[in-house]
Amino acid sequence: MRVYFDNAATTPLDPRVLNLMIEKLREIHGNPSSIHHLGRSSRNEIEMARKTVAQAIGASTGEIFFTSGGTESNNFALKCAVRDLGVNTIITSPIEHHCILHTAECLQKYNGIDLQLVKIDPLGRVIMDDLISKLQKAKGKTLVSLMHANNEIGTIANITQIGEICREHGAYFHSDTIQTIGHFPINVNNLNISFLSGSAHKFHGPKGVGFIYINSDNLLKPFIDGGGQERNMRGGTENLHGIIALGKALEIAINELEERKAKILSVREYMKSKLVETIPDVKFNGVQEDPFLYTVLSVSFPPGPKTELMPLALDIAGICASGGSACSSGSEKGSHVINTIGELKGHKTIRFSFSHFNTKEEVDFAMEKIAEMFELVS
Ligand SMILES: Cc1ncc(COP(=O)(O)O)c(C=O)c1O
């Protein structure tokens, strides 16, 4: 048996999305910028996908721009806010994805922005008083970039409250919603938000395609100069079939959200209870009461014969999971998120992350292998 518990790293394609992609790859190939009928039919497909995304988050179609994924969308928001909106302070948190942290560090180094990291509590929650105090001290225009759900520990930030705090202090607000788009209802009309980012491969679409929402109040210049695609904001021939697939994957995810959530929650809770039953002193990282990112279960395993080698041992046993995030799995420094919230001595964090394709039988299989690793098998 092989078990895929790494859905926060990426999700498998929904078979319906795959079928649509194959069909469209065969049927349409026109360049969306060409004015002949083949170009126009490709353009039409892109605009239909844009409409789906806009409707899914309560935006207008003019506020949605397709990109190559979450990393680009996050770069887009931060870099254009500094270049085009005159932002000179960025407030973010030490547990953001590296595509936020490294972008902000780059803006600090090359553009001289003031970079402030807001304090985080041991469960990964933003300390709102610290955010307020940093906003009060900030000079000039400020962008707050705080993720909706942390990809490693699953803690959810109250983006409604953060948006309000930003409004009160006249700051722009960007949220990395890459783990929550398609998994939680998000409506930009209920949030004071300037930018948010999405990535298709986190909701059973293909890799290498995403989008950014840019509130229409914010006038930005092109992020990628070129042929004027994406209403002159991002040059380059569009990833036509990826965009079609993103639209389809998001439409399905929104339609089936509650059903998928219930299934994922039952598998997650089952695994959590089995871990508590089987492994003495097991702990869980991040907030465990609603609301939390139900796709993620971040487990802190106690010292045991194979604890240090667990990511490898799980892989050998046929279980795909991550030590931290997929991006930091190979890093010797370990996860910056776990380092920030603090890990119990000798413990090892493994992130199991689920989709509606997972089953309790897969959990039983994984638990059998984990019990063997801890030599708890009678
Ligand atoms: C919270 C978060 N932000 C950004 C990204 C990067 O997205 P992409 O892989 O589409 O570039 C990821 C993906 O792991 C993520 O989990």
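The structure under discussion appears in the preceding block.
(A) Summary view of the overall build of the protein chain. A count of helical and extended segments in the protein chain gives 12 helices and 12 strands. Relative to its length of 378 residues, the protein chain is compact, with a C-alpha radius of gyration of 21 Å against a globular reference of 21 Å. By principal-axis analysis of the C-alpha atoms, the protein chain measures approximately 70 × 55 × 35 Å. A burial count over the protein chain gives 46% of its 378 residues as buried. A fraction of 72% describes how many contacts in the protein chain between residues 6 or more apart in sequence connect residues 24 or more apart.

(B) Structural view of the sheet that holds strand 4 (residues 114-117). One open sheet holds the seven strands; their spatial order is 2-8-7-6-5-3-4, and the pairing between them is mixed. Strands at the two margins of the open sheet, each flanked by one partner only, are strand 2 (64-67) and strand 4. Neighbouring strand axes in the sheet, compared pairwise and without regard to direction, differ in orientation by 20° on average. Summarising the sheet, strand 3 (residues 87-92) and strand 5 (residues 141-145) pair through four bridges and their orientation is parallel. Residue pairing in the sheet places Val-87 in a bridge with Lys-141 of strand 5. Most of the contacts of helix 4 (residues 98-111) go to strand 3, to which it runs at about 150°, and overall it touches strand 3, strand 4, strand 5 and strand 6 (172-176).

(C) Expanded view of the nonpolar core. Counting residues in each nonpolar core, the largest one holds 94 residues, and the members touching the most others are Leu-78 and Tyr-213. No other element matches helix 8 (residues 240-255), which puts eight residues into this core. Here this core spans two domains, since at least three of its residues come from each of domain 1 (3-10 + 257-373) and domain 2 (15-255).

(D) Highlighting unusual backbone geometry. In this chain, Asp-290 is followed by Pro-291 through a cis amide linkage whose omega measures 0°. Within the fold, Pro-291 resides in the loop between strand 9 (283-284) and strand 10 (296-301). Despite not being glycine, Asn-232 has its phi angle at roughly 70°, a positive value. Positionally, Asn-232 belongs in helix 7 (residues 229-232). Note on Asn-232: 12 C-beta atoms within 10 Å, which makes it exposed. One non-glycine residue with positive phi stands out, namely Asp-281, at about 70°.

(E) Examining the site of the ligand more closely. Around the ligand, 13 residues are found, and the nearest of them are Gly-69, Gly-70, Thr-71, Asn-151 and Ser-199. The element best represented in the shell around the ligand is helix 3 (residues 70-85), accounting for three residues. Of the residues assigned to the shell around the ligand, the class counts are three nonpolar, nine polar and one charged.

What counts and what doesn't
- Residue indices follow the written sequence of each chain, beginning from 1 at its first position.
- Note on the predicted model: pLDDT of at least 70 is required for a residue's local features to be given, and 80 or more for side-chain atom pairs to be given and counted; whole-chain, interface and lining totals, by contrast, use all residues.
- Strands are runs of DSSP state E lasting at least 2 residues, helices are runs of H or I lasting at least 4, and numbering of each runs from the N terminus.
- Computation of the radius of gyration draws on C-alpha atoms, with the globule rule given as 2.2 Å multiplied by the number of residues to the power 0.38.
- Counting other C-beta atoms within 10 Å of a residue's C-beta gives its exposure: the residue is buried at 20 or more, exposed at 12 or fewer, and partly exposed in between, where C-beta atoms are placed from the backbone.
- Contacts are defined on C-beta atoms placed from the backbone: any two residues whose C-beta positions lie within 7 Å are in contact.
- When DSSP finds two or more bridges between two strands, those strands count as paired.
- Every axis in this analysis is a line fitted to C-alpha atoms, fitted for helices over the stretch in contact. Angles between the N-to-C directions lie between 0 and 180 degrees.
- Working definition: the nonpolar core is a set of buried Ala, Val, Leu, Ile, Met, Phe, Trp, Tyr and Cys residues, joined through C-beta atoms within 7 Å.
- Each domain's limits were defined by an automated method or a database of domain assignments.
- Any residue whose C-beta atom, as set from the backbone, lies within 6 Å of a molecule or strand is reported as near that molecule or strand.
- Gly counts as polar in this scheme, as do all residues outside two lists: the nonpolar Ala, Val, Leu, Ile, Met, Phe, Trp, Tyr, Cys and Pro, and the charged Asp, Glu, Lys and Arg.

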